[in-house]
Amino acid sequence: MTGQGPRALVTGGAGFVGSHLVDRLLADGYGVCVVDDLSTGSTNNVSPQAELHRVDICDAAPLHDVALRFRDVRRSVREPDFDARVNVVGGLNVLRAAAAAGARRLVYASSAAVYGNPARIPVSETEPPRPISEYGASKLAFEHYLGAYSARGLIEYAALRYANVYGPRQRSSGEAGVVSIFTRQMIAGEPVTIFGDGSKTRDYVYVADVVEATVRAAAGPSGVVANVGWGREVSDLELFRAVAAAAGYRRQPTYAPDRRGDVARSCLDGAVAQRTWGWRPSVPVADGVRRVVEYART
Ligand SMILES: NC(=O)c1ccc[n+]([C@@H]2O[C@H](COP(=O)([O-])OP(=O)(O)OC[C@H]3O[C@@H](n4cnc5c(N)ncnc54)[C@H](O)[C@@H]3O)[C@@H](O)[C@H]2O)c1
């Protein structure tokens, strides 16, 4: 990588959101280094223009090496501890490596999961976060580490609490995105299962909008914690119908018992993101799912 322009290191850059962010940063003229252990991501997602390092962020030494070398180029089924290990210990490794390498800022992909079941919907950042999952707890914990490092003047940061992100490249197997799962099943003409009665709601935000917010956060003020969502509740049944319309699927859904630990409703108030970065989502669900269906067909 030639070292003059701005540079960014993207952890999880071979994954769904990360790879889109990488593409955007490359288009903006960044030199991009991807750190990814390829546990769910794929090298196919990573542009050859980016420098890819197959490194687990839980392994401190190789991560430090990558971060230092990246600086130098420019001369300058789930174990209960899984989320804690990757999001807290791994995150802390990233944070320390970034600070040691003299990185200016860390932009963190946090999650609406930090809110758990909030008292008010749409939920704003002033609502006390009360996660109900290990995942949400670990995401919130790392926000606090960022705050602590920032308070000591070691790094600038922004934490973006993403709603349900969807778009091309999202996995459709395992713990995947529901839009991708519905799309794959509908294109294959398979039955589609909704867990619960179809009334659970989520806030779906298209990946390009998420990337736009993330890029703006990198250039905006430090210490911002902001929701990144569409601000509209979409029920499981409504989402089913949107994907069915895009995919030309004519069958009805089948219903299965609700999964424990799923929040009933989720919807994010995007006022802080709008005020801080002038950001607003631009791709409505109907358009976004159409793009996912088109992508899946090719
Ligand atoms: N997709 C969503 O709806 C959503 C919502 C809220 C927050 N987020 C956050 O956004 C980020 C990206 O999510 P995604 O949907 O793109 O997931 P993803 O699984 O597609 O991508 C994650 C990437 O990180 C890599 N990775 C996993 N563990 C690693 C490790 N220990 N070391 C190095 N690389 C590792 C994976 O191989 C993969 O390429 C995550 O931090 C997630 O918590 C996503």
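Our subject is the structure that appears above.
This one's a predicted model, so the numbers in the text were calculated from it and none came from an experiment.

(A) Spotlight on the sheet that holds strand S4 (residues 105–111). Taken in spatial order, the three strands line up as S4-S5-S10 in an open sheet, and their pairing is parallel. The strands lining the two open edges of the sheet, one partner per strand, are S4 and strand S10 (224–228). Across the sheet, the axes of successive neighbouring strands diverge by a mean angle of 20 degrees, strand direction being ignored. As defined by bridge partners, strand S5 (residues 156–162) adjoins S10 across five bridges and the pair is classed as parallel. Looking across to S10, one finds that Tyr162 is bridged to Val228.

(B) Local environment of the environment of Val228. One can find Val228 in strand S10. What makes Val228 buried here is its relative accessible area of 0%. Separated by 69 residues in the primary sequence, Val228 and Ala159 place their C-alpha atoms 9.9 Å from one another. Apart from residues lying up to four places away in sequence, Val228 is in contact with Leu160, Arg161, Tyr162, Ala163, Val205, Val210, Ala213, Leu268, Trp277 and Trp279.

(C) Representation of the sheet that holds strand S3 (residues 51–54). Spatial strand order, S1-S2-S3: three strands in an open sheet with parallel pairing. The two strands at the open ends of the sheet, each matched to only one other strand, are strand S1 (7–11) and S3. Put simply, the sheet's adjacent strands are angled 15 degrees from each other on average, direction ignored. Where S1 meets strand S2 (residues 31–36), five bridges bridge the pair, whose relative direction is parallel. The residue of S2 that forms the bridge with Ala8 is Val32. Packed on one face of the sheet, helix H1 (residues 16–27) meets S1 and S2 and runs near 170 degrees to S1.

(D) Main features of the pattern of salt bridges. According to the stated counting rule, one finds 13 salt bridges in the structure shown. Between Arg24 and Asp28 there is a salt bridge, and its shortest N-O distance comes to 2.9 Å. Of the residues examined, Arg24 reaches a relative accessible area of 25% and is grouped as partly exposed. Glu156 is the salt-bridge partner of Arg104, the closest N and O atoms lying 3.2 Å from each other. Placement of the pair is Arg104 in the loop between helix H3 (82–100) and S4 and Glu156 in strand S5, with a sequence separation of 52 residues.

(E) Looking closely at the site of the ligand. Lining the immediate surroundings of the ligand are 26 residues, of which Asp36, Thr40, Asp56, Tyr135 and Val165 lie closest. A distance of 3.0 Å separates a nitrogen atom of the ligand from a polar atom in the backbone of Asp37. Contact between the ligand and Asp56: a nitrogen atom at 2.7 Å from a side-chain N or O atom of the residue. Residue contributions to the shell around the ligand peak at three residues, all from S4. Split by residue class, the shell around the ligand holds 12 nonpolar, nine polar and five charged.

(F) Fine view of the nonpolar core. Counting residues in hydrophobic clusters, the biggest one holds 60 residues, and the most contacted among them are Met186, Leu239 and Trp277. In this view, Met186 contacts Val192, Phe240, Val243, Ala244, Ala247 and Tyr249; residues no more than four positions away in its chain are not counted.

(G) Region of interest: the environment of Tyr204. Its location among the elements puts Tyr204 in strand S9 (residues 204–206). Taking the C-alpha atoms as reference, Tyr204 lies 19 Å from Met186; in sequence the two are 18 residues apart. Once residues lying within four places of it in the same chain are set aside, the contact partners of Tyr204 are Asn164, Tyr166, Val178, Val179, Trp230, Val234, Asp236, Leu239 and Val285.

(H) A look at unusual backbone geometry. Backbone torsion omega between Ile121 and Pro122 reads -5 degrees, so that peptide bond is classified as cis. Unusually for a residue other than glycine, Arg169 sits at a positive phi of about 80 degrees. Mapped onto the fold, Arg169 is located in the loop between strand S6 (164–166) and helix H5 (178–187).

Calculation notes
Residues numbered from 1 in each chain as written. Predicted model: local features only at pLDDT ≥ 70, side-chain atom pairs only at ≥ 80, totals over all residues. Heavy atoms only, no water. Pairing = 2+ DSSP bridges. Helix = DSSP H or I, 4+ residues; strand = E, 2+ residues; numbered from the N terminus. Axes fitted to C-alpha atoms, helices over the stretch in contact; angles between N-to-C directions. Buried < 20%, exposed > 50% of the residue type's maximum accessible area, 1.4 Å probe, protein only. Contact = heavy atoms within 4.5 Å. Salt bridge = Lys/Arg side-chain N within 4 Å of Asp/Glu carboxyl O. Near = heavy atom within 4 Å. Polar contact = N/O pair within 3.5 Å; in protein donor to acceptor, adjacent residues only side chain to side chain. Nonpolar A, V, L, I, M, F, W, Y, C, P; charged D, E, K, R; others polar. Core = buried A, V, L, I, M, F, W, Y, C linked by side-chain atoms within 4.5 Å.

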